[in-house]
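Below are the chains, spelled out letter by letter.
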Amino acid sequence: TVLGLGSILGTGVFVSLGLAAEVAGPAVVLAIALAGLLATCNALSSAQLAANHSQSGGTYEYGYRYLRPWLGIAAGWLFLAAKSASAATAALGFGSYLAHFLKLNSTDFWVPRIALLTIAAATLTVISGIQRSRQVTACIVAWTLLGLLIFIVGGLPAVDFARQAHWQPFFPAANSHWAGSWGPLLKATALMFVAYAGYGRIATLGEEVRAPRQTIPRAIIVTLCVSGTLYVLVGIIAVGGLGAVRLVELTRGQGAFLEILAREFPNPGVRIFVATAALTALLSVLLNLVLGLSRVVLAMGRRGDLPSVTARLNTARTTPFIAVLLVGLTTAGLASLGSVKTTWSFSAMTVLTYYAITNLAALQLPPQERLYHPLFAWLGLGGCLLLACWVDALLWVIGISIAVGGILIARLCQIGTPRST
């Protein structure tokens with residue numbers, strides 16, 4: 001649960017809530033709840049797959065085992081694309097919070113540069129073989145929770161539920177007449193869904209925990225309940241305290257969402273706690289993603305779905321340094337775009353498609369291996385495909401092209417057939 005919270009409570013609450021609020025206004029609170037329900041369905045699919053197939057690798061492995069090798073390859077590439085974009089968003093969010101906390105002028109100039117330096121530091125840290133311990137993760141999670149609780153307590157007096165102007169219009173107008181009020185809500189739900197995606201970190205721990213059939217599902221459910229409750233409370237404080245119009249004015253296109261809101265609170269100490277909690281949490285997420293991504297690249301290199309050089313280890317045989325460098329360079333390239341909205345939206349599209357494959361694999365489980373009713377997998381599959389349609393079309397095309405390109409690379413090199421590792 002601690003590892004799951006360490007993966008979830010970062011970019012989602014400190015950055016993406018602002019992006020979703022900008023799209024959906026007061027309805028962001030509903031988007032948080034809908035995204036949490038969809039994440040629960042997906043989490044149950046991931047949990048039962050992990051319980052029956054404990055090898056690390058997530059949907060990359062499930063696609064190979066339960067579906068088709070090409071779907072496993074597609075899932076691997078989608079995971080790399082989604083989490084690289086999430087890592088870039090975490091780095092940009094870190095840069096934004098640091099720039100605002102230090103009150104630097106020309107934040108548009110400083111944010112991408114701080115992000116690139118942070119990515120370089122995280123990459124070098126992982127290459128050195130230093131892996132974050134559970135104790136360090138627990139400390140970071142504790143500080144993050146403290147910062148969020150201080151934000152909630154500090155902003156609670158400003159919330160006025162009787163002031164209807166803060167909550168109207170609850171559903172903002174859509175850009176197209178046929179989408180109605182559902183368009184912004186569904187888009188915000190897609191953006192918020194990624195904020196829960198860290199539960200996948202728990203599902204990949206099947207080889208490292210006792211009794212994974214019981215431990216992993218419980219940890220996932222507890223993690224989603226805790227994080228979902230915090231998201232809803234933060235959303236209520238943000239909208240109820242400032243109002244939808246003021247909220248959008250303050251945070252439009254800004255990565256330092258909560259720090260900017262905390263400036264409006266009467267107690268200046270809230271801003272300090274929130275900013276430091278955000279910095280530690282986002283840095284933790286970045287390190288965690290670089291670690292996790294490099295291990296997926298390692299697994300794909302060993303199987304032959306990526307060039308074998310990506311599976312090369314250092315002289316101490318503890319770190320896949322080529323894979324780590326590749327992840328660092330990819331993340332830096334995405335961060336150089338300088339837009340948290342672009343990187344997070346791209347992450348939303350790819351992660352939704354990735355978990356659609358997860359649910360599809362869960363539907364192939366034989367009855368004796370199922371832990372939950374297939375209805376959860378069907379709801380997860382339909383929800384992922386529906387929300388993916390509301391992400392910008394250009395990002396959709398890029399994401400699918402990456403998956404198809406990965407499959408073609410494997411086929412052209414005649415390395416798409418699984419072999420023993």
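Up top is the structure these notes are about.
Fair warning: this is a prediction, and the values are worked out from it, not measured in the lab. (Residues numbered from 1 in each chain as written. Predicted model: local features only at pLDDT ≥ 70, side-chain atom pairs only at ≥ 80, totals over all residues. Heavy atoms only, no water.)

Caption draft 1: Just the overall build of the protein, in detail. A tally of helices and strands in the protein yields 17 helices and 0 strands. Here the protein, with 421 residues, has 57% of them falling under the buried criterion. At a minimum sequence separation of 6, the contacts of the protein that also span at least 24 residues come to 80%. Working note: accessible area of the protein is about 17300 Å², and carbon and sulfur atoms make up 65% of it. (Helix = DSSP H or I, 4+ residues; strand = E, 2+ residues; numbered from the N terminus. Buried < 20%, exposed > 50% of the residue type's maximum accessible area, 1.4 Å probe, protein only. Contact = heavy atoms within 4.5 Å. Areas by Shrake-Rupley, 256 points an atom, 1.4 Å probe, with all protein chains shown as cover.)

Caption draft 2: Structural detail: the packing of aromatic side chains. Tallied over the full model, the rule gives 7 aromatic pairs. Here the aromatic rings of Phe109 and Trp110 are separated by 5.3 Å at their centres, their planes lie at 85 degrees, and the arrangement is edge-to-face. Taking the relative accessible area as the measure of exposure, Phe109 reaches 39% and is therefore partly exposed. Using a relative accessible area of 36% as the deciding quantity, one classes Trp110 as partly exposed. Ring geometry for Phe193 against Tyr355: centres 6.0 Å apart, planes inclined by 85 degrees, an arrangement best described as edge-to-face. Placement of the pair is Phe193 in helix H8 (residues 182–193) and Tyr355 in helix H15 (residues 340–362), with a sequence separation of 162 residues. Note on accessibility: Phe193 and Tyr355 belong to one class, buried. Geometry around Phe109 places Arg113 over its ring, the cationic atom sitting 3.9 Å from the centre. (Phe/Tyr/Trp six-rings, centres within 6.5 Å; stacked < 30°, edge-to-face > 60°. Lys NZ or Arg CZ within 6 Å of the ring centre and 35° of its normal.)

Caption draft 3: Molecular detail of the side chain of Glu22. In this structure, Glu22 sits in helix H2 (residues 11–24). A polar contact is formed between the side chain of Glu22 and the side chain of Lys341, at a distance of 3.0 Å. (Polar contact = N/O pair within 3.5 Å; in protein donor to acceptor, adjacent residues only side chain to side chain.)

Caption draft 4: Representation of the side chain of Thr144. Inspection of the secondary structure assignment puts Thr144 in helix H7 (residues 134–155). Each residue touching Thr144, except ones within four places of it in the same chain, is listed here: Leu9, Phe14, Ala277, Thr280 and Ala281.

Caption draft 5: Local environment of the pattern of salt bridges. Going through the model one piece at a time under the given rule, you end up with 3 salt bridges. Here Lys341 ties to Glu22 by a salt bridge, and the two come within 3.0 Å at their closest N and O atoms. Separated by 319 residues along the polypeptide, Lys341 in helix H15 and Glu22 in helix H2 bring together distant segments of the chain. For Lys341, a relative accessible area of 40% corresponds to the partly exposed category. A relative accessible area of 16% places Glu22 in the buried class. With a shortest N-O distance of 2.5 Å, Glu259 and Arg271 are connected by a salt bridge. Here Glu259 is found in helix H12 (residues 257–262), whereas its partner Arg271 is found in helix H13 (residues 269–303), with 12 residues between them in sequence. Classification of Arg271 by relative accessible area gives buried; the value is 14%. (Salt bridge = Lys/Arg side-chain N within 4 Å of Asp/Glu carboxyl O.)

Caption draft 6: Expanded view of the nonpolar core. With 140 residues, the main nonpolar core has Phe14, Tyr97, Phe151, Phe193, Tyr199, Tyr231 and Leu258 as its most contacted residues. In contact with Tyr199, other than residues within four places in its own chain, are Ile8, Ala39, Asn42, Ala43, Ser46, Phe193, Ile220, Leu224 and Tyr355. (Core = buried A, V, L, I, M, F, W, Y, C linked by side-chain atoms within 4.5 Å.)

Caption draft 7: Expanded view of the environment of Gly399. Residue placement: Gly399 occurs in helix H17 (residues 393–412). Look at Gly399 and you get buried, because its relative accessible area is 0%. Sequence separation between Gly399 and Met349 is 50 residues, and the spatial gap between their C-alpha atoms is 7.2 Å. Residue contacts for Gly399: discarding those within four places in its chain leaves Leu78, Phe346, Met349 and Thr350.

Caption draft 8: Summary view of the packing of H2 against helix H5 (residues 69–101). Between H2 and H5, the shortest axis-to-axis distance is 10 Å and the interhelical angle comes to 85 degrees. It follows that H2 is roughly perpendicular to H5 by the angle criterion. Across the interface between the two elements, Thr11, Phe14 and Val15 of H2 pack against Ser86, Thr89, Ala90, Gly93 and Tyr97 of H5. Taken together, the residues that form the contact of H2 with H5 break down as 4 nonpolar, 4 polar and no charged. (Axes fitted to C-alpha atoms, helices over the stretch in contact; angles between N-to-C directions. Parallel < 35°, antiparallel > 145°, perpendicular 65-115°, else oblique. Nonpolar A, V, L, I, M, F, W, Y, C, P; charged D, E, K, R; others polar.)

Caption draft 9: Quick look at H13. Taking 1.5 Å per residue, 35 residues should reach 51 Å; H13 reaches 52 Å between its end C-alpha atoms and fits that length. Most of H13 is tucked away: 25 of the 35 residues are buried. Immediately beyond the C-terminal end of H13, within one or two residues, lies Gly304, with a positive phi of roughly 105 degrees. (Expected span 1.5 Å × (residues − 1).)

Caption draft 10: Representation of the environment of Thr319 within the structure. Mapped onto the elements of the fold, Thr319 is located in the loop between H13 and helix H14 (321–335). The spacing of Thr319 and Ile127 is 192 residues in sequence and 6.4 Å in space, taken between C-alpha atoms.

Caption draft 11: Layout of the packing of helix H6 (residues 107–127) against H14. Interhelical geometry of H6 versus H14 gives an angle of 170 degrees and a closest axis separation of 10 Å. When the axis of H6 is compared with that of H14, the two are roughly antiparallel. Contacts between H6 and H14 pair Pro112, Leu116, Ile119, Thr123, Val126 and Ile127 from the former with Phe321, Val324, Leu325, Gly328, Thr331, Ala332 and Ala335 from the latter. Of the residues that constitute the contact of H6 with H14, the class distribution is 10 nonpolar, 3 polar and no charged.

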